[in-house]
Amino acid sequence: MTDSTSFVDFSSAAPDPSVFPYLDFQHCINKAVDTYQDDLFRYGTSQGLPTLLRLLQNQLQSYQVFTDIQHLCITSGVQQALAILGLMSFPNQKQIVLVEQPTYHLLIQLLELHQIPTLTITRTALGIDFQELERLFQQEPISNSQEG
């Protein structure tokens, strides 16, 4: 039940390579290699580097978000995070995923590959239409992580 009539495809868009801060990035990579050289070639935990998890927990607390480290998971990129989230079962037994449009094109491909039904909601420069969002949650079996 994919609403494909409103998809905007950004898969071919890419920023100008001259705007990337290559030297800054190289400096950060070199610093990380120097700092974490003992951990580079060892398997870590499935959740991510423990020191990074503790740092993330502290950062979240500074924003008044309190959670235990076992509820955090560091991924190696957006693809891994989307795959984990996209394949999780919903605690409220609902089946449809609502995605903003435009959205990340590989999320759409992941959901289609696993035959996960989706609906879209348009995001404009003004944001999401909250009346439409409320209507969709009232009338469609969309998963809501706050339920269940």
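Looking up the protein chain in an unreviewed UniProt entry gives the name Aminotransferase class I/II-fold pyridoxal phosphate-dependent enzyme, with the organism given as Brevibacillus halotolerans.

**Q** Mind showing me how you'd approach the layout of surface pockets here?
**A** In this structure, the largest pocket occupies an estimated 500 Å³ of space. Leu 85, Phe 90, Val 97, Leu 98 and Ser 143 are, among the 22 residues lining the largest pocket, the residues nearest its centre. At the level of secondary structure, the elements contributing two or more residues to the lining of the largest pocket comprise α3 (78-86), β1 (97-101), α4 (105-113) and α5 (130-139). Top element by residues in the lining of the largest pocket is β1. It accounts for four residues. When its residues are assigned to classes, the lining of the largest pocket shows 15 nonpolar, six polar and one charged. Within this model, the second largest pocket holds a volume of roughly 210 Å³. If you trace the second largest pocket, you find it lined by Thr 45, Ser 46, Gln 47, Gly 48, Leu 49, Leu 52, Ile 74, Thr 75, Ser 76 and Gln 80.

**Q** What am I meant to see in the packing of α3 against α4 here?
**A** A pair of packed helices is captured by two measures, namely the crossing angle of their axes and the spacing between those axes. Close contact between α3 and α4 brings their axes to 10 Å; oriented N to C, the two are set at 35°. Judged by the sense of rotation from one axis to the other, the crossing of α3 with α4 is right-handed. Of α4, the residues touching α3 (which contributes Gln 79, Leu 82, Ala 83 and Gly 86) are Leu 106, Leu 107 and Leu 110. When its residues are assigned to classes, the contact of α3 with α4 shows five nonpolar, two polar and no charged.

**Q** Looking at this model, I keep getting lost on the sheet that holds β1. Mind explaining?
**A** Adjacent strands of a sheet pair through backbone hydrogen bonds, lying either parallel or antiparallel. The three strands lie next to each other as β1-β2-β3, forming an open sheet whose pairing is mixed. What marks the edges here is a single partner per strand, and that holds for β1 and β3 (127-128). Both β1 and strand β2 (residues 118-124) contribute to a ladder of five bridges, which runs parallel. Its bridge partner lying in β2, Leu 98 is registered against Leu 119.

**Q** Quick question: what am I supposed to make of a nonpolar patch on the surface here?
**A** On the surface, a nonpolar cluster with roughly 890 Å² of combined accessible area is contributed by Phe 25, Ile 29, Val 33, Tyr 36, Leu 40, Phe 41, Leu 49, Leu 52 and Leu 55. Listing elements by their share of the nonpolar patch, those giving two or more residues are α1 (22-35) and α2 (50-62). Ranked by residues supplied to the nonpolar patch, first place goes to α1 with three residues. Relative to the helices and strands, Leu 40 resides in the loop between α1 and α2. A relative accessible area of 42% means that Leu 40 is categorised as partly exposed.

Basis of the calculations
- Residues numbered from 1 in each chain as written.
- Predicted model: local features only at pLDDT ≥ 70, side-chain atom pairs only at ≥ 80, totals over all residues.
- Heavy atoms only, no water.
- 1 Å grid on protein atoms, 1.4 Å probe; cavity = no way out; pocket = protein on both sides within 12 Å on 5 of 7 lines; lining within 4 Å.
- Points joined across faces, edges and corners; volume = space filled by probe spheres on them.
- Helix = DSSP H or I, 4+ residues; strand = E, 2+ residues; numbered from the N terminus.
- Nonpolar A, V, L, I, M, F, W, Y, C, P; charged D, E, K, R; others polar.
- Axes fitted to C-alpha atoms, helices over the stretch in contact; angles between N-to-C directions.
- Left-handed = near helix turned anticlockwise from the far one by under 90°.
- Contact = heavy atoms within 4.5 Å.
- Pairing = 2+ DSSP bridges.
- Patch = residues over 30% accessible without salt bridge, like charges linked within 9 Å, V, L, I, M, F, W, Y side chains within 5 Å.
- Areas by Shrake-Rupley, 256 points an atom, 1.4 Å probe, with all protein chains shown as cover.
- Salt bridge = Lys/Arg side-chain N within 4 Å of Asp/Glu carboxyl O.
- Buried < 20%, exposed > 50% of the residue type's maximum accessible area, 1.4 Å probe, protein only.

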